[in-house]
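For reference, the chains in residue letters:
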Amino acid sequence: MTPISLFLAGLASYIPPRVATSEAAERGWCDADAVTHDGWSSAAVAGDMPPVEMALHASQSAMQRSGCSAADIDILFYASVLPQGPHMWCPQHYVERRVVGRDIPAIELRQGCNGLLNAFDLASAYLSAPGRRAALVTGADNFGCDPAFGHDPEFRWRYAENIHGKKAGSILGDSGGAAVLSNQGGFARVLSISSRSVTEMEELFRSDEPLFPPSYSRERPTRLGARFNEHERRHPGRVSAALACLKRARTELAHHVLAEANVRPDQVTRVAHVFAATERYAEQLLGPLGIDPARGVVDFGRSLGHLGVNDQLTALEYLVTSGQLGPGDHVLMMSNGIGSSLTCAVLEIVERPRWAV
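Residues numbered from 1 in each chain as written. Predicted model: local features only at pLDDT ≥ 70, side-chain atom pairs only at ≥ 80, totals over all residues. Heavy atoms only, no water.

Enquirer: Let's hear about the sheet that holds strand 10 (residues 330-337): which residues, and what values?
Expert: Read across the sheet, nine strands follow the order 5-4-6-7-1-8-11-10-9 without closing on themselves; strand pairing throughout is mixed. Of all strands in the sheet, those bounded by a partner on one side alone are strand 5 (106-109) and strand 9 (270-272). For this sheet, the mean inter-axis angle between neighbouring strands, taken without regard to orientation, is 25°. (Pairing = 2+ DSSP bridges. Helix = DSSP H or I, 4+ residues; strand = E, 2+ residues; numbered from the N terminus. Axes fitted to C-alpha atoms, helices over the stretch in contact; angles between N-to-C directions.)

The following block contains the structure:
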């Protein structure tokens, strides 16, 4: 979809202190050789800080940077991978009460790691109606405090273990992120954005787990590697087939938004993508698009871990504040989440914002 006058007016992230992979290895939380081989140097770890507090910090900063007032915000989206607090409670209203202070629509999205960028797409449609001006999009996760993973400090370092036969592959970091989207103006224009699903992935992530009652608990923590491997044992070839389908769909969607934005691959200045620490990931992601893998953000993500919903916003903030993006530059944002949900967007930097100087 080509948005009508949609801009990124404000952007902010909240990153807690980092824990080095060497320290994690000394504590027995990870296989040092596997993690360092994959390129990770550290992970952002929030301790006992509630994820919604990280989202609140990021939202307050994004609002200040945007120049928008609370009266300008017409809708709020909150995205996350994990539950955010007490059952029968909604985190979006926590942020709404403290940042917006008005009874606007506030919606929680559970699209896995694609939640925040998917919210961009929904906000684009919402703000196309007359009389609406801006949307606050925020999200957060603390991967160390959820019973789904047994409150296990090892989980963030081992969640991808044994997927595709790897010892590690990826590690998780905690963060909060927020953006203010406006149809009035901003430092970056959204030229194109589009989302789709890859339904073949649903079976892969579910495998043969019972649908009821929900199976997450301290006694039975979630382990994706074991789930994938069990699915492959029962249905040989389906894991690789589903992943191949995901890669094709992701490439097709990126080509689509670039064509819609009238931006050639060689005109893409940088790509904000899921944090993975190996150059091989960037090659597999960007090679089929004809984009130099060096335009990705592999090096930056290595010290943070995969931040769930926040990789792309955190990367974009870094590229803007470090002066690696300026007026006229184009950014391709690529995201995918469990299940599997995909969103791609093309942004053009209009100006370097005052808060980035």
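Still to come is the rest of the account.
Enquirer: Provide a residue-level description of the environment of Ile349, including the pertinent values.
Expert: Tracing the sequence through the fold places Ile349 in strand 11 (residues 341-349). Among the residues examined, Ile349 registers a relative accessible area of 3% and is labelled buried. Expressed as a C-alpha distance, the spacing of Ile349 and Gly326, which sit 23 residues apart in the sequence, is 6.1 Å. Residues contacting Ile349, with those up to four places away along its chain left out, are Phe187, Ala188, Leu325, Gly326, Pro327, Gly328, Asp329 and Val331. (Buried < 20%, exposed > 50% of the residue type's maximum accessible area, 1.4 Å probe, protein only. Contact = heavy atoms within 4.5 Å.)

Enquirer: If you had to explain the pairing of strand 8 (residues 188-197) to someone new, which residues and values would you point to?
Expert: Looking at chain direction, strand 1 (residues 7-14) and strand 8 are connected through two bridges and run antiparallel. For Leu8, the partnering residue across the bridge sits in strand 8 and is Ala188. Strand direction decides the pairing type here: strand 8 and strand 11, joined by nine bridges, are antiparallel. Along strand 11, the bridge assignment pairs Ala188 with Ile349.

Enquirer: Which residues make up the pairing of strand 6 (residues 134-141), and what values go with them?
Expert: Burial analysis of strand 6 places eight of its eight residues in the buried class, the great majority of the element. Side-chain alternation along strand 6 places Ala134, Leu136, Thr138 and Ala140 on one buried face and Ala135, Val137, Gly139 and Asp141 on a second face that is also buried. By the bridge criterion, eight bridges tie strand 6 to strand 7 (residues 175-182) in an arrangement that is antiparallel. Counterpart to Leu136 in the pairing with strand 7 is Val180.

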